[in-house]
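# Architecture at a glance
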Amino acid sequence: MVSNWTKIPPPLFKKVVIVLIDALRDDFVFGPKGKQFMPYTTQVVEKGTSYSFIAEAKPPTVTMPRIKALMTGSIPGFIDVVVNLNSPALLDDNLIWQAKTAGKRIIFYGDDTWVKLFPKHFVEYDGTTSFFVSDFTEVDDNVTRHLDRVLKREDWDLLILHYLGLDHIGHMTGPNSPLVGPKLREMDNILKKIHISLISKEEASLPNLLVVCGDHGMSETGSHGGSSEGEVHTPLLFISSAFGKRSAPPAQPEHVQQTDLASTLAIGLGLPISRNSVGNLILPVVGGKTMREQLRFVHLNGFQLSRLLQENTPAFEKDPGYEHFKIAEKSHGNWIKLYLEGNNSEILLNLGKKVLKQYLEALKTLSSSLSRQVAQYDMYSMMVGTVIIMEVLILLLLSVPKALSKRAEFEVPLSPPLFSLLFYLMCLMLCAVHVIVCTSAESLCYFCSMSWLTAVGVMMLISALMCGILSAVAKVLENYRLPPKNPVASSYSWSEIDVLILAGTIGHVLSLGASSFIEEEHQTWYFLINTLCLVLCQELCRNNFLLKECDPQHSSSGKQNFDSIEESSECKNIDIPAASNSKLGKATSSSEFIKGSDKWISLATPWIILICCRLLRSLNQTGVQWAHRPDFGHWLTSSEHKSELSFLAAVSLLMIFFLVQRRCSLVSKIAMALGLLGVYSYRAAIGNVTFPWQHDGKDISKGITEARFVYVFVLGIVFTGTKDLLKSQVISADSSTKSTGLWEVYSGLVLLAALLFRPHNLPVLVFCLLIQTMMTKYIWIPLKFDAAQITIMHYWFGQAFFYFQGNSNGIATVDISAGFVGLDSYVEIPAIFLTAFATYAGPFLWAIHLLCYLSSEVRRNSAAVGHGCFCYALMRSIPVAIYVVLVTGLRYHLFIWSVFSPKLLYEGVHVFITAAVCLFFTAMDQNHSYKVQD
């Protein structure tokens, strides 16, 4: 081939302006909103000199990965969702670096993510934080204020503007908010100003180009991060006098990939296409050039893609895209020969069109193949992490008998293995494997990039855990061979609750291997808690009605059996005076707790809980299949139902106070009342609800003063509770003081959740407290469930309430506006904490309630809190460990990025929260005896 074929052609445009409007959905430009609020843009699209496309973004649809895709043409990894919070410098080959290297002068104004990704690349810039989502106006005014001055200047080649206001409106009020229209009209006026300025300054030599795009769209709730149509479809407009003017409105915009922009702009600016780009040239943009130039452009794109394929695929020559490219390249050579011979006939033109079509098919196939293969997995690091997780899970499972015994011992037999020959042999073998893998690995490996001291430490950890597992297995086998000390204790029978818990746990874990079950995981938890309520109803009926038919002597013999069990059993979960796992024990004592009207309230409790859960399901549609269907939450949040929402929020706050204040001190009760009043005042200040005397025309503020007023009471209640806890732990071992302190800490967290929840979600908090209260008084105490069973019930209800809040396993349902309640600027640590707490409020509040309940039950064995901590950690560890293995095996699944990866991110954050809860459990457990056995 002639070397000129791969030589970079001269630029097609003199100046290029990129206007990126964050969260700009395609229907905001091409739909009814575009016609109504963006008239100038609509006119240019329909009759002007422009080309319109719908660009498809790949999940995760958050800003930083989308900017990387736009500028590099590559597909970012899902870890960029986390890195998005504090973006590091982009080291991959990209359009900005190529432009700077070529001497282009680049100016940027807008989202400071660009400044972090491309440091020292801009000759002038002004960054604004993208995370302070309650700012709709200043964040865009800080960009627009530079426009008049910059457009008059001639000392720049590339101008990038990133507007954030529309995205912030979506996060706070959704895509159907009345604030969206004025913001689109503002953007339309800005585009009009830029377009007119570019046309007026054009020279005869080269035209200018205006590019309008979005980094991602937004869902029907205003969030983004997932893979719904509203999130992945964004408009892409190329506006330039170089394009022909339309005589009639265009047809439906053609779909292209978001990664195609990098290749197209590289050709337009006369730059090399980014090395790792998988994008295709958008041909209509260069369609006005001669056939020879068009063929040269698509050949450059194909050459770059085929080279990338060679670097990533050993058998690249057999790839269909590569074969098609070689055929097109050969046909191109034949066309060049005819062209150089001076043949200008119809044959040359038809052959050129045929070659162009061959190139486009080859580009499409190459891009598709690369998009599947370019995701390089660090399998060595993944396997090391998976092995450690599975070893920890196996140790937890082997520790169940001792951990749930009367002394609640969690034995980790580490000392003997650390001095065994097996331990050192395993360390030596693993270090040898590490050396072989790291010296032969062709691609970058995270684990290999660590220091040798760290790597050896990890190898020692894996070896110690494995030796500990072998030692624990040997002990279990040894105990199994020994005859039981007490035959009564060994004859443990499974109740319906135990069978349901085991079947539910196994069923949920198995469902994680199917993408549809992950998308609709809320249905699994709804089914499990509904089934649990029915089983509890059966237990209550048995204890209330069958008890009368029992022989009086039957109960006395039962008590004798329980006394013998309690004296001898070391491996059964016994944390109350009567053996909780026995149906006879429950029968003998239920009559002591359920008398009179309480009996009928107890029987009605499971049905009341079922009704509450059904109402909560109607509040927020979640998942994927039915997320688009209207729900009660959407009805409440519509502007015409503000009075109904205000009434519901006021009643909910009153109910929260009534349900929480019972166990608080007088000072905390007053603080709780004032705090809840502040919650309503905050929501009224930002315009979500109204006071009866408040007019609709009242100015909406950010509510910073009102929110901080509530924070004062939250901190005051939590501080009061913490003081009581420290007093009970340090000064005197007073269980009542500790119980009061725990309930006050819990009350403070409830007040914080009430502040962070959106008004229509306050009933979720009310039903959460109501169900906890009813189950405590009418189910757990009368039926005398043990700590392990109660812990698993708390865990199940916590998971269900995670979805009752409107959450899902998609990133789009994370309400990041909760992270900025009471903040007048972006502060990273508080914003992350508040967002995580608001997202996981359901599981977190149920976990803290578990601790409060087990600590306040004086009838229970002192090991109950230890049992609860262990069971909670085990219930969280089982699905996480199995899911990590499943995701590793399904890493090439079609939905790995859109379904499995977001779920993995949720699971990871949930593990951190569970670890914090378990630490709190351990600190509150004065009678624990966790130890490392020598």
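In case you missed it, the structure is sitting above this.
The notes below deal with the structure included here. (Residues numbered from 1 in each chain as written. Predicted model: local features only at pLDDT ≥ 70, side-chain atom pairs only at ≥ 80, totals over all residues. Heavy atoms only, no water.)

### Here's the deal with the overall build of the protein
The following threshold applies: Every helix listed is a DSSP run of H or I at least four residues long, and every strand listed is a run of E at least two residues long, numbered separately from the N terminus. Think of it in three bands: with a 1.4 Å probe and only protein chains considered, a residue is buried below 20% of the maximum accessible area for its type, exposed above 50%, and partly exposed in between. Note on contacts: a residue pair is in contact if any heavy atoms of the two residues lie within 4.5 Å. In this description, accessible areas are obtained by the Shrake-Rupley approach with a 1.4 Å probe, and a residue is regarded as covered only by the protein chains that are shown.
A count of helices and strands for the protein gives 39 helices and eight strands. Per-residue burial for the protein yields a buried fraction of 55% across its 934 residues. Contacts in the protein between residues at least 24 apart in sequence constitute 78% of all its contacts with a sequence separation of at least 6. Surface summary for the protein: the accessible area is close to 40300 Å², and the carbon and sulfur share equals 63%.

### Thoughts on the packing of aromatic side chains
Put simply, the rule reads: Classification of ring pairs uses Phe, Tyr and Trp, with its six-membered ring standing for Trp, and accepts pairs whose centres are within 6.5 Å; under 30 degrees between planes counts as stacked, over 60 as edge-to-face, and the remaining range as tilted. In this scheme, the term charge over a ring applies when either NZ of a lysine or CZ of an arginine sits within 6 Å of the ring centre and within 35 degrees of the ring normal.
For the coordinates displayed, the defined rule picks out 30 aromatic pairs. On the basis of an interplanar angle of 50° and a centroid distance of 5.6 Å, the ring pair of Tyr380 and Phe447 is categorised as tilted. Remark: Phe447 occurs in the loop between helix 20 (421-440) and helix 21 (452-481) and Tyr380 occurs in helix 17 (residues 379-398); sequence separation between them is 67 residues. Residue classification places Phe447 among the buried residues on the basis of a relative accessible area of 4%. Aromatic side chains Phe802 and Tyr803 sit 5.0 Å apart centroid to centroid with 90° between the ring planes, which places their arrangement in the edge-to-face category. Comparing Phe802 with Tyr803 shows no difference in burial state: the two are buried. Among the aromatic side chains, those forming a connected cluster through ring pairs are Tyr526, Phe797, Phe801, Phe804 and Trp846. Above the plane of the ring of Trp156 lies Lys15, whose end atom (NZ or CZ) is 4.3 Å from the centre. Sitting over the ring of Trp600, Lys599 keeps its end group 5.3 Å from the ring centre.

### Here's the deal with the sheet that holds strand 3 (residues 106-111)
Formally: Two strands make a pair as long as DSSP finds a minimum of two bridges between them. In this description, a line fitted to the C-alpha atoms serves as the axis of each element, helices being fitted only across the stretch in contact, and the angle between N-to-C directions of two axes falls anywhere from 0 to 180 degrees.
Pairing is mixed across the open sheet formed by eight strands, whose spatial order is 4-3-5-1-6-7-2-8. Because the sheet does not close on itself, it has two edges, and the strands there are strand 4 (124-128) and strand 8 (254-257). Averaged over all neighbouring strand pairs, the angle between strand axes comes to 20°, with direction disregarded. Two elements, strand 1 (residues 16-21) and strand 5 (residues 158-163), share six bridges in a ladder whose sense is parallel. Bridging across to strand 5, Ile21 finds its partner in Tyr163. Those strands touched by helix 11 (residues 180-200) are strand 1, strand 5, strand 6 (209-213) and strand 7 (233-239), and its axis lies near 165° from that of strand 6.

### Details of the packing of helix 33 (residues 735-756) against helix 37 (residues 841-856)
Put simply, the test is: By definition in this entry, angles of less than 35 degrees are roughly parallel, angles greater than 145 are roughly antiparallel, angles of 65 to 115 are roughly perpendicular, and the rest are oblique. Working rule for handedness: look at the near helix, and if it is turned counterclockwise from the far one by less than a right angle, call the crossing left-handed; if clockwise, right-handed.
Direction vectors running N to C along helix 33 and helix 37 enclose 165°, while the axes themselves pass 9 Å from each other. Accordingly, the angle class assigned to the pair helix 33 and helix 37 is roughly antiparallel. In the crossing of helix 33 with helix 37, the sense of the turn from one axis to the other is left-handed. On helix 37, the residues touching Lys738, Ser739, Leu742, Trp743, Tyr746, Leu749, Val750 and Ala753 of helix 33 are Phe844, Leu845, Ile848, His849, Leu851, Cys852, Tyr853, Ser855 and Ser856.

### Describing a nonpolar patch on the surface
Formally: The residues that make up patches have over 30% relative accessible area and no salt bridge, and they are joined within 9 Å when like-charged or within 5 Å when they are Val, Leu, Ile, Met, Phe, Trp or Tyr. We define a salt bridge as a contact between a side-chain nitrogen of Lys or Arg and a carboxyl oxygen of Asp or Glu at a distance within 4 Å.
A grouping of Trp494, Val499, Leu502, Ile506 and Leu510 is seen on the molecular surface, where their side chains present a nonpolar patch of about 530 Å² in accessible area. Secondary-structure assignment places Trp494 in the loop between helix 22 (487-490) and helix 23 (496-511). According to the relative accessible area criterion, Trp494 is exposed, its value standing at 51%.

### Considering the state of the cysteines
Heads up, the condition is: Sulfur atoms of two cysteines make up a disulfide when they are within 2.5 Å.
In the structure shown here, the tally under the stated rule is one disulfide. Cys541 supplies the cysteine sulfur nearest to Cys537, a cysteine that is in no disulfide, at a spacing of 4.3 Å.

### Focus on the pattern of salt bridges
A complete count under the given rule lists 22 salt bridges for this structure. With its nearest N and O atoms 3.0 Å apart, the salt bridge here joins Lys183 to Glu186. Here Lys183 and its partner Glu186 are both found in helix 11, three residues apart, which amounts to about one turn of the helix. Relative accessible area serves as the criterion here: at 4%, Lys183 is assigned to the buried category. Residue classification places Glu186 among the partly exposed residues on the basis of a relative accessible area of 23%. A salt bridge links Glu496 to Arg542, with the nearest nitrogen and oxygen atoms 2.9 Å apart. Placement of Glu496 in helix 23 and of Arg542 in helix 25 (residues 521-546) is noted, with a sequence separation of 46 residues between them. By relative accessible area, which is 22% here, Arg542 ends up partly exposed. One network of salt bridges, in which partners are shared, links Glu124, Arg149, Arg153 and Asp155.

### Thoughts on the side chain of Ser381
The criterion, for reference: Under the rule applied, a polar contact is a pair of N or O atoms within 3.5 Å (in protein, one hydrogen donor and one hydrogen acceptor; residues adjacent in sequence only if both atoms are side-chain atoms).
Within the fold, Ser381 resides in helix 17. The buried category is assigned to Ser381, whose relative accessible area is 17%. Of the polar contacts made by the side chain of Ser381, one reaches the backbone nitrogen of Phe447; its length is 3.0 Å. Among residues more than four places away in sequence, those in contact with Ser381 are Cys445, Tyr446 and Phe447.

### Let's talk about unusual backbone geometry
Here the bond from Pro59 into Pro60 is cis, since omega is 5°, no more than 30 degrees from zero. Turning to its location among the elements, Pro60 is positioned in the loop between strand 2 (50-56) and helix 4 (63-72). With a phi angle near 65°, Ala23 is a residue other than glycine that sits in the positive phi range. The residue Ala23 is located in the loop between strand 1 and helix 1 (27-30) in this model.

### A word on the side chain of Ser306
Inspection of the secondary structure assignment puts Ser306 in helix 14 (residues 291-312). The class for Ser306 is buried, based on a relative accessible area of 3%. A polar contact is formed between the side chain of Ser306 and the backbone oxygen of Phe303, at a distance of 2.9 Å.

### Thoughts on the environment of Ser177
Within the secondary structure layout, Ser177 lies in the loop between helix 10 (165-173) and helix 11. With 461 residues separating them along the chain, Ser177 and Ser638 place their C-alpha atoms 8.5 Å apart.

Geometry only, nothing functional implied.
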